[in-house]
Amino acid sequence: MMTIGLLLALAVGWVRGGRIGRFTDFRFRYFGVILLGFAIQLLLRLSGPPGFEPVVKLALPLHVLTYVLILSALAANLSTPGMKAITVGVALNFLVIAANGVRMPVSREALERIGQEAQIPRLIAGKILTHTLTGPGTHLRFLADVLFLPNPFPRPTIFSLGDVLMLVGVFILVQTVMLGRSASPRQSTG
């Protein structure tokens, strides 16, 4: 969903007369820290198969670490347009994850509605290190991955309220940069 949201933001920016080339001037503090956080999350998502036992054993602290890294880097850029929405979205996702055994709860009904019911046995067996099924004991369920876009959406997907806020923030950021408005984090003078 994030990819489609980003492409839509770029398309809208272009229609509004913006230029993608303006991203070369955009400065984001601690961008490498965010990339590291996402790289660790990708590793966790790929670590269900045998052979990744060291990662599996460290999955919970590594998952927490990714959010600490990402939120720290986002906090350093809060003056950038759109960054507050992105940060709140990430924080809401982290809140529901932390409240549910450091795994994002995913709705069984949403999985079935988008044709991903094959993931249900893997979630039940704990083979997906970053996610779990929602159930009676799920805390903050309304913040979990319970929203979905089914067919005919190009890529049916499940998402959370935090994901929606992140998309809004990314849209604002892309529009700001493409239209040449100041988007680089400002240094305080006081």
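Remember, predicted model here, so these are calculated numbers, not experimental data. (Residues numbered from 1 in each chain as written. Predicted model: local features only at pLDDT ≥ 70, side-chain atom pairs only at ≥ 80, totals over all residues. Heavy atoms only, no water.)

Q: Explain the nonpolar core to me, please; I cannot follow it from the model alone.
A: Taken as a class, soluble globular proteins show a tendency for nonpolar side chains to be buried jointly. Of all hydrophobic cores here, the largest spans 26 residues; its most connected members are Phe28, Leu74, Met83, Ile86, Val90, Val96 and Ile97. Those elements giving two or more residues to this core turn out to be α4 (59-75), α5 (83-98) and α8 (161-178). Setting aside chain neighbours within four positions, we find Phe28 in contact with Ile34, Ala73, Leu74, Asn77 and Met83. (Core = buried A, V, L, I, M, F, W, Y, C linked by side-chain atoms within 4.5 Å. Buried < 20%, exposed > 50% of the residue type's maximum accessible area, 1.4 Å probe, protein only. Helix = DSSP H or I, 4+ residues; strand = E, 2+ residues; numbered from the N terminus. Contact = heavy atoms within 4.5 Å.)

Q: Honestly, the packing of helix α1 (residues 2-15) against α8 in this entry has me stumped. Any pointers?
A: Pairs of packed helices are described in terms of their axes, by the angle between the two and the distance that separates them. At a minimum axis distance of 9 Å, the contact between α1 and α8 shows a crossing angle of 30°. On the basis of their axis angle, the class for α1 and α8 is roughly parallel. The element α1 and its partner α8 pack so that their crossing is right-handed. Two secondary-structure elements touch here, α1 through Met2, Gly5, Leu6, Ala9, Leu10, Val12, Gly13 and Trp14 and α8 through Met166, Leu167, Val170, Phe171, Val174, Gln175 and Met178. The class makeup of the residues in the contact of α1 with α8 is 12 nonpolar, 3 polar and no charged. (Axes fitted to C-alpha atoms, helices over the stretch in contact; angles between N-to-C directions. Parallel < 35°, antiparallel > 145°, perpendicular 65-115°, else oblique. Left-handed = near helix turned anticlockwise from the far one by under 90°. Nonpolar A, V, L, I, M, F, W, Y, C, P; charged D, E, K, R; others polar.)

Q: Is there a simple way to explain the packing of aromatic side chains in this structure?
A: For any pair of aromatic rings, the description consists of the separation of the ring centres together with the inter-plane angle of the planes. On inspection of all chains with the given rule, the structure shows 3 aromatic pairs. Summarising the aromatic geometry, the rings of Phe28 and Phe31 are spaced 6.0 Å apart at their centres and angled 85° between planes, so their arrangement reads as edge-to-face. On the accessibility criterion, Phe28 (18% relative accessible area) is buried. Ring plane angle 25° and centroid distance 5.2 Å describe the contact between Tyr67 and Phe94, whose orientation is recorded as stacked. Taken as a pair, Tyr67 in helix α4 and Phe94 in helix α5 lie far apart in primary sequence, 27 residues in all. Under the relative-accessibility criterion, Tyr67 is labelled buried at 10%. The exposure class assigned to Phe94 is partly exposed, which follows from its relative accessible area of 22%. An aromatic cluster of at least three residues, connected via ring pairs, comprises Phe26, Phe28 and Phe31. (Phe/Tyr/Trp six-rings, centres within 6.5 Å; stacked < 30°, edge-to-face > 60°.)

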